[in-house]
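Coordinates in review
Each chain is listed here by its residues.
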There are 2 protein chains.
Amino acid sequence: MAGIREIAERAGTSIATVSRVVNGSGYVSPAMRAKIETVIAELQFRPNAGAALMRRGKSRMVGVLLPALDVKFFGILAHVIEQGLFARGYHAFICCSSESPEHEAEYVAAMLAQRVDGVIIASVSAESTAAARLVAAGVPLVAVDREIAGAVSVRADHYAGGRLMADYLLGLGHRRIAVVGAPQHAMPVQQRLAGVSDRLAEAGLEPVAVRLGPRHQFEACIEVAAALLDTGVVADAMVGLTDIAALGAIHALHAKGIRVPEDVSVIGFDDMPMARYVLPQLTTVAQPIREIGALAVEQMIRLMTGAALSHEELPALSVVVRGTTARR
Amino acid sequence: MAGIREIAERAGTSIATVSRVVNGSGYVSPAMRAKIETVIAELQFRPNAGAALMRRGKSRMVGVLLPALDVKFFGILAHVIEQGLFARGYHAFICCSSESPEHEAEYVAAMLAQRVDGVIIASVSAESTAAARLVAAGVPLVAVDREIAGAVSVRADHYAGGRLMADYLLGLGHRRIAVVGAPQHAMPVQQRLAGVSDRLAEAGLEPVAVRLGPRHQFEACIEVAAALLDTGVVADAMVGLTDIAALGAIHALHAKGIRVPEDVSVIGFDDMPMARYVLPQLTTVAQPIREIGALAVEQMIRLMTGAALSHEELPALSVVVRGTTARR
DNA sequence: TTGTAAGCGTTATCAA
DNA sequence: TTGATAACGCTTACAA
């Protein structure tokens, strides 16, 4: 496999000049550049990232650690982050831990070995040591959608979002409000729940029922909502702490012959594409996920370049009114 | 930053032995191993992947090139492939081209520079040169969901799937069948369409209307279906060449006050989670996406290890009957 | 504008 | 079971 040395020989120049051409650094005369580029193409030269990394000590790569890729939220996040990083001249090293600590540990080791310039980490399980190891290694760290000790954090104000959901339902005249959600251990979910409860308390109310499931999966969410309904509680509105949970509630309601929104209003959270798939379309609180991803990249760049962190506020959450809510 | 040399010094041994411990290769006495591991932990030693790559010439990494990560199909695929690769001792280098040739070219270069042991490439735009460059570089290549010259291909039989859709509708007594889909340039979509048309032809029929949109996005799909409906064609069943397209058809139908499945039956293709979100839930042809991902990994392993390729048949496609189809 | 030369941190071969 | 040593291919001062 042709190396820089062979290129230099054939082009009648030195390896230093070839390196300059390959990296676009330093001065090279147009004639020389053209000649070298020709030889590079001829010999199908492919630079060796290992050698470059060894010399440079850094890789212009940013690790992106996510718990899953088959979950829409993370898929979108990965996409936005990749775009942002690319635009700034960095490559994304996307890793998904698949909820497995073993995977996670191995990918963290791989990132460290790869000498990534930083890591953007999205809501990994609480008992994971990934963040700690990264911090210990002195790698710039940006947490997305959760807080991590020693790391900059970028996330929506889930508590405010919870208040918003309750507020909107209250404004519609609903008083008997039930809440369903999952996964129960997720911090954002708990914060939204707290927001809902607090806002209701201010109105002298409390949820008529709360039910959180362990798994954030459609079928499981339907079951959680069905179980709640089976207790016989009477609600005139239901809060889904995520869009999936709201969709689960709608299906559970439907199975019982209860109409949405005529009998019961339903509101979700996230505004993922799925919110628009149901009929009627789901009213939900939109989470500015793309802005979150973009801001995470921006903070990472600042961290890596030593610039001051921005204290920019996240775009506000907002209720997207669609068809599953109605005045009481 | 501590290197293997320093570790050796502090442990009172040679770098060769340290290397053996780090890589778990060769013989090292338990006592020596313990001592070295202690020092490694103390100094927070992190191996340098660049140096290792330079020496070894390969990275035990497999590139995974996808057009997007925020599309459910690819998210699931990436997830399955990552899992399979991990289980075989390889790391996945997941790259998404974001539909941009520029991104794609750069990631291909990065993969080449990284000396990946192989690349699994999923349906990238036809005019991309990615596959060609990879083939030229002699990198083992497995194409998923599309065919690429010079590469092993793993994909569902979309043509058969198309026939299956038509077949099922025909069996229900439908005769006036319209077809909508997107993106029109995608080979799988065209193959499904061919399957539908051929099966109808065997029954002496042809689609009452066909409409393909350029973008596979929910809103765009609704518009495509609405435009088809606006022409005034009378159909008693609609085929969505993807689940999204089918969902778009349902929404367009709904907007016109046409009931599903009472007035018009709708069938989709893929069986993504979204098929279950709508009410009634979508009847669709299930694509064995997880098996496809797993098989792609298996073929890649065989390619890399020089084993014979398997000629295993893909699990058959099947109609998942849910609520959007009814007897005429 | 181009060339010289000194490593970078490993792995693997061979010898002990 | 361990050690010495020679690459691996590149970047980057510094010199010319």
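Let us look at the structure shown here.

Reading the values: rules and limits
- Here the residue numbering is sequential within each chain, running from 1 through the sequence in written order.
- Written order determines the labels here, with chains lettered from A and ligands numbered from 1.
- Side-chain atom pairs in this predicted model are given and counted only at pLDDT of 80 or more, local residue features only at pLDDT of at least 70, and totals for whole chains, interfaces and linings cover all residues.
- Values shown for side chains rest on all heavy atoms present in the structure; no hydrogens or waters enter the calculation.
- Every helix listed is a DSSP run of H or I at least four residues long, and every strand listed is a run of E at least two residues long, numbered separately from the N terminus.
- Here's how the labels work: a residue is buried when its accessible area is under 20% of the maximum for its type, exposed when over 50%, partly exposed in between, all with a 1.4 Å probe on protein chains only.
- Whether two residues are in contact is decided by their heavy atoms, any of which lying within 4.5 Å being enough.
- In short, Shrake-Rupley with a 1.4 Å probe defines the accessible areas, and a residue's cover is counted only from the protein chains shown.
- The charged-residue count follows a simple rule in which Lys and Arg add positive charge and Asp and Glu add negative charge, with His and chain termini not counted at all.
- By convention, charge coordinates are those of NZ in Lys, CZ in Arg, CG in Asp, or CD in Glu.
- One heavy atom suffices: a residue is near a molecule or strand as soon as one of its heavy atoms comes within 4 Å of it.
- We define a polar contact as two N or O atoms separated by no more than 3.5 Å, with the added condition that, inside protein, one atom must be a possible hydrogen donor and the other a possible acceptor, whereas residues neighbouring each other in sequence contribute only through side-chain atom pairs.
- Pairing between two strands is assigned when DSSP locates at least 2 bridges connecting them.
- Structural elements are reduced to axes, namely lines fitted to C-alpha atoms, with helices fitted over the stretch in contact, and the angle between N-to-C directions of any two is expressed from 0 to 180 degrees.
- A 1.4 Å probe defines the accessible area here, and the buried area is the portion of it lost by two parts on being joined, summed over both.
- Whenever a carboxyl oxygen of Asp or Glu lies within 4 Å of a side-chain nitrogen of Lys or Arg, that contact is scored as a salt bridge.
- When residue character is reported, Ala, Val, Leu, Ile, Met, Phe, Trp, Tyr, Cys and Pro are called nonpolar, Asp, Glu, Lys and Arg charged, and the others, Gly included, polar.
- Definition used in this section: a nonpolar core is a set of buried Ala, Val, Leu, Ile, Met, Phe, Trp, Tyr and Cys residues joined via side-chain atoms within 4.5 Å.

Each helix and strand counted, chain A has 12 helices and 11 strands in total. Within chain A, buried positions represent 53% of all 328 residues. Summarising the internal contacts of chain A: among those between residues at least 6 apart in sequence, 70% fall at separations of at least 24. When the accessible surface of chain A is summed, it comes to about 13,600 Å², and 52% of that surface belongs to carbon and sulfur atoms. Taken as two groups, the 31 positive and 32 negative side-chain charges of chain A have centres that lie 6 Å from each other.

Okay, the protein's contact with DNA strand C next. The local shell around DNA strand C holds 28 residues, among which A:Thr13, A:Arg20, A:Ser29, A:Arg55 and B:Ser19 are the closest. Those atoms of DNA strand C that come within 4 Å of the protein belong to sugar or phosphate at a rate of 50%. A distance of 2.7 Å separates a phosphate oxygen of DNA strand C from a polar backbone atom of A:Ser29. In this structure, B:Asn23 approaches DNA strand C through a side-chain N or O atom, which is 2.9 Å from a phosphate oxygen.

Turning our attention to the sheet that holds strand β11 (residues 318–320) of chain A. Residue and element names in this part refer to chain A. Read from one edge of the open sheet, six strands run β7-β6-β8-β9-β10-β11, paired in mixed fashion. Each edge of the open sheet carries a strand with a single partner, namely β7 (209–212) and β11. Across the sheet, the axes of successive neighbouring strands diverge by a mean angle of 20 degrees, strand direction being ignored. Those strands touched by helix α8 (residues 158–171) are β6 (177–181), β8 (237–240), β9 (265–270), β10 (283–286) and β11, and its axis lies near 160 degrees from that of β9. Sheet strands touched by helix α9 (residues 187–202): β6, β7, β8 and β9. Its angle to β6, the strand with the most contacts, is close to 175 degrees.

Attention shifts here to the sheet that holds strand β9 (residues 265–270) of chain B. Residues and elements named next belong to chain B. Spatial ordering of the open sheet is given by β7-β6-β8-β9-β10-β11, a layout of six strands whose pairing is mixed. The sheet terminates laterally at β7 (209–212) and β11 (318–320), the two strands that pair on one side only. Taken pair by pair, the neighbouring strands of this sheet meet at an average axis angle of 20 degrees, ignoring direction. One ladder, built from four bridges, connects β9 with strand β10 (residues 283–286); its direction is parallel. Paired with Phe-269 across the strands is Val-285, a residue of β10. Taken strand by strand, helix α8 (residues 158–171) contacts β6 (177–181), β8 (237–240), β9, β10 and β11, and its axis lies near 160 degrees from that of β9.

Another aspect to go through is the interface of chain B and chain A. Between chain B and chain A, the residue contacts involve 54 residues of the former and 54 residues of the latter. With both chains or domains summed, chain B and chain A bury close to 5,200 Å², and 59% of this area falls on carbon and sulfur atoms. Counting across the interface, chain B meets chain A through four salt bridges. For the salt bridge of B:Asp70 with A:Arg290, the shortest nitrogen-to-oxygen distance reads 3.9 Å. It is helix α5 (residues 72–87) of chain B that provides the largest number of residues to the side of chain B that touches chain A, a total of eight residues. Taken together, the residues of the side of chain B that touches chain A sort by class into 31 nonpolar, 13 polar and 10 charged.

Along the chain, A:His251 turns up in helix α11 (residues 243–255). For A:His251, the contacting residues outside a window of four places in its chain are A:Phe218, A:Ile222, B:Arg276, B:Tyr277, B:Val278, B:Leu279 and B:Gln281.

Let's shift gears to the nonpolar core. As a rule of thumb, nonpolar side chains are buried together in soluble globular proteins. Residues A:Met238 and B:Met238 are the most contacted members of the largest nonpolar core, which totals 199 residues. If near-sequence neighbours (up to four positions away) are discounted, B:Met238 is found in contact with B:Ala178, B:Val180, B:Leu228, B:Leu229, B:Ala249, B:Leu253, B:Val264, B:Ser265, B:Val266 and B:Ile267. One finds A:Ala8, A:Val21, A:Val28 and A:Val39 within the second-largest nonpolar core, a separate group that totals 12 residues.

As a further point, take the side chain of B:Thr284. Residues and elements named next belong to chain B. Turning to its location among the elements, Thr-284 is positioned in strand β10. The exposure class of Thr-284 is buried, given its relative accessible area of 0%. Polar side-chain contacts of Thr-284 include one of 2.7 Å to the side chain of Asp-243. In this structure the side chain of Thr-284 is engaged in a polar contact, spanning 3.1 Å, whose partner is the backbone oxygen of Gly-268.

Our next topic: the protein's contact with DNA strand D. The immediate surroundings of DNA strand D are formed by 27 residues, with A:Ile4, A:Ser19, B:Thr13, B:Arg20 and B:Ser29 found nearest. Here a phosphate oxygen of DNA strand D sits 2.5 Å away from a polar atom, N or O, in the main chain of A:Ile4. For the surface near DNA strand D, the element with the highest residue contribution is helix α4 (residues 49–56) of chain A, accounting for five residues. Residue composition of the surface near DNA strand D, grouped by class: 14 nonpolar, eight polar and five charged.

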